[in-house]
Structures are given as C-alpha cells and as structure tokens.
Amino acid sequence: MFTKAAAGLGLLALALMPAGCSLPQQAGAFEQTGEIIALSGGDAGAEGACVLCHGLKGEGDGALVPRLAGLDRGYFARQMEFFAEGHRRHPQMAWIADRLDWPARQKLADYYADLPVPETESRWRVDEAACRPATAALYHRGDPSRGLQACATCHGDDGRGVGAGNPPLAAQPAPYLAEQLRAWRSGERYGDPLQAMTHVSRLLADEEVTALAA
C-alpha cells in the first residue's frame, strides 16, 4: 500500500524536528502531542505521517490534497471518523484514521486548528478570467429557479465557513474542491445530516463544478 520511499520520508520528517525535541521512551511515545503524531504518524507508523501529503505546515499540495491548517477542531475530528467508518472513501485516509484512536484524532484536530491558514502560493492561483460574473453570482446568490442554494449561505461570502459545521473553502486547492463536489454527486462521499451537499452537487452542471471550485 505504501512505498519504502514514503516510509523514508516519514523518518526524514522526524529527523527534521527541532533540536532538543526528544521523544520519551515509553508506551505511546508517538502520541504525546498532535504535532508529534503529524510528524510520526502515531500508531499508523511513519508511512501514515500527515506531513507526507499535507505538508509541514498543513498547507496541502495545491492539487488533490487539502490544507488542514486552520480547520475547525470538531470538523476535523468528524472527518477522521467519517474516513474510518466509510462515509468518506479514500483508502489511505481510511487506513490511517482506523489506526488512530479518538484521543489521537483530537490531538491532531487541536494541532491543525491552531496552525495559521497559509498564504495561497502563486502557483496555486487560478486564472481570474475563469471566474465569470455568473459563477460569482451562483456562489453568492445561488439559482432559485433550480432550487439551488447559495454556497455563501453555509460557507460565507469570503469562503471561510459559517459556524463549526461548515468548512472553509478559501485557500483550498480548486482541483480538490471539484473532486469533492463530484464525490458528493456520485454518492462516494456522504454523511451530511441534511444532505445539502448531495442535493446541491446534483443540481450543478459539470462546468459549474469546475468554475465554482476555481
């Protein structure tokens, strides 16, 4: 499932920890803090270290790996539970989540919630011309003729999310957002108690999914 190279990167992440940061030699040594779990993988092992995919600062990769920095604690922990239970289907994340107990997930949630939202790198930016006025209108006002609620209702005018249960969209990679909308549409992702995302995603044309994500 994982390559030796990935395991080596996990060990490298441990080697890059600040000087003087030592791990106590005892049971559960990798679960002392959320930062150590992110660097080491905790009970998932080095191949399950969060930093391998999500970056040392939780910034994501600008493509299909989301940023974790600044996510709400409850939302983060709930998504880990969804991965473990199959509500979100991603083999690697399901494997990792299944090996981290609830206290470990909470520590990770606390750690990433306290990290600052990274500045969006220029290479992640999309062509502003791709975001047509009609797309902005769809985000901010929806389309009542189709029964399509505005994205801003739950995710905010600035994309930072409204309340703990609605995640931020700002500073997330556009390819990742588009992939998640399609996962909601196909039923690969579920768990929304009001099925709002399933409903919205199935009302959107594929070109609207791409444009909204951008």
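These numbers were taken from a predicted model, which means no experiment stands behind them. The residue numbers shown here count from 1 along each chain, following its written sequence. In keeping with the model being predicted, local features are shown solely for residues with a pLDDT of at least 70 and side-chain atom pairs are shown and tallied solely at 80 or more, while totals for entire chains, interfaces and linings include all residues. Computation of side-chain values: all heavy atoms of the structure, hydrogens and water removed.

**Regarding the environment of I37**
What counts is decided by this rule: Here a helix means four or more residues in a row that DSSP labels H or I, a strand means two or more in a row labelled E, and each is numbered from the N terminus. The buried label applies to any residue whose accessible area, calculated with a 1.4 Å probe on protein chains only, is under 20% of its type's maximum; exposed applies above 50%, and partly exposed to all values in between.
Within the secondary structure, I37 is located in helix α2 (residues 34-40). Classification of I37 by relative accessible area gives buried; the value is 1%.

**Details of unusual backbone geometry**
Keep in mind that most residues, glycine aside, have a negative phi and that most peptide bonds are trans. Non-glycine residue A171 carries a positive phi angle of around 70°. Secondary-structure assignment places A171 in the loop between α8 (152-155) and α9 (174-186). Owing to a relative accessible area of 22%, A171 belongs among the partly exposed residues under this scheme.

**Considerations on the nonpolar core**
Keep this limit in mind: We define the nonpolar core as a collection of buried residues of types Ala, Val, Leu, Ile, Met, Phe, Trp, Tyr and Cys that are connected through side-chain atoms lying within 4.5 Å of one another. Note on definitions: a residue-residue contact is assigned when non-hydrogen atoms from the two residues lie within 4.5 Å.
Grouped together as the largest cluster of nonpolar side chains are 21 residues, with contacts concentrated most on A38, F76, M80, L100, L108 and Y112. Elements represented by at least two residues in this core include exactly α2, α4 (73-85), α5 (91-99) and α6 (102-113). Looking at this core element by element, the count peaks at five residues for α6. Filtering out sequence-adjacent residues up to four positions away, L108 remains in contact with G34, I37, A38, C50, F76 and L100. L138, L148, A152 and V200 belong to the second-largest nonpolar core, a separate cluster that totals 15 residues.

**Things to note about the pattern of salt bridges**
Convention followed: Any carboxyl oxygen of Asp or Glu that lies within 4 Å of a side-chain nitrogen of Lys or Arg is treated as forming a salt bridge with it.
Scanning the model with the defined rule gives seven salt bridges in all. The partner of R73 in a salt bridge is D110, with the nearest N and O atoms 3.0 Å apart. Note that R73 is positioned in helix α4 and D110 in helix α6, a separation of 37 residues in sequence. Overall, R73 belongs to the partly exposed group, its relative accessible area being 37%. We note a salt bridge from E208 to R146, for which the minimum N-O separation is 2.9 Å. Of this pair, E208 sits in helix α11 (residues 206-213) while R146 is found in the loop between α7 (133-141) and α8, placing the two residues 62 residues apart along the sequence. For R146, a relative accessible area of 32% corresponds to the partly exposed category. Salt bridges sharing partners connect three or more residues here, namely R73, D110 and D114.

**Observations regarding α9**
Worth spelling out the cut-off: By definition here, a helix of n residues has an expected span of 1.5 Å times n minus one.
For α9, with 13 residues, the first-to-last C-alpha span of 19 Å sits near the 18 Å given by 1.5 Å per residue. Looking at the buried residues of α9, the elements they touch are α10 (196-203) and α11. One or two residues past the end of α9 sits G187, with phi positive at roughly 90°.

**A look at the state of the cysteines**
Put simply, the rule reads: Two cysteine sulfur atoms make up a disulfide if the distance between them is within 2.5 Å.
This model, assessed by the stated rule, comprises zero disulfides. Free cysteine C151: the closest other cysteine sulfur is in C154, separated by 9.0 Å. C151 sits in the buried class, given a relative accessible area of 18%.

**Describing the confidence of the model for the chain**
Defined as follows: Residue-level confidence of the predictor is what pLDDT reports, using numbers from 0 through 100.
With 80% of its residues at a pLDDT of 70 or more, the chain has an overall mean of 85. In the model, residues 1-7 has pLDDT below 50 throughout and makes six contacts with residues more than four positions away in sequence or in other chains. Note that residues 11-27 has pLDDT below 50 and, in this model, 14 contacts with residues that lie over four places away or in other chains.

**Let's talk about the packing of α9 against α11**
Selection rule: Inter-axis angles, ranging from 0 to 180 degrees, are taken between N-to-C directions of lines fitted to C-alpha atoms, where helices are fitted over the stretch in contact. Here is the rule for angles: anything less than 35 degrees is roughly parallel, anything more than 145 is roughly antiparallel, 65 through 115 is roughly perpendicular, and the remaining ranges are oblique. Each helix crossing is assigned a hand: it is left-handed if the near helix lies turned anticlockwise from the far helix by less than a right angle, otherwise right-handed if that turn is clockwise. Under this grouping Gly is polar, as are all residues other than the nonpolar Ala, Val, Leu, Ile, Met, Phe, Trp, Tyr, Cys and Pro and the charged Asp, Glu, Lys and Arg.
Two elements in contact, α9 and α11, have axes whose closest approach is 8 Å; the angle formed by their N-to-C orientations is 140°. Looking at the two axes, α9 sits oblique to α11. The two elements α9 and α11 meet at a crossing, and its hand is right-handed. Counted together, A174, L177, A178, L181, R182 and R185 of α9 and D206, V209, T210 and A213 of α11 form the full contact between these two elements. Looking at the contact of α9 with α11, its residues break down into six nonpolar, one polar and three charged.

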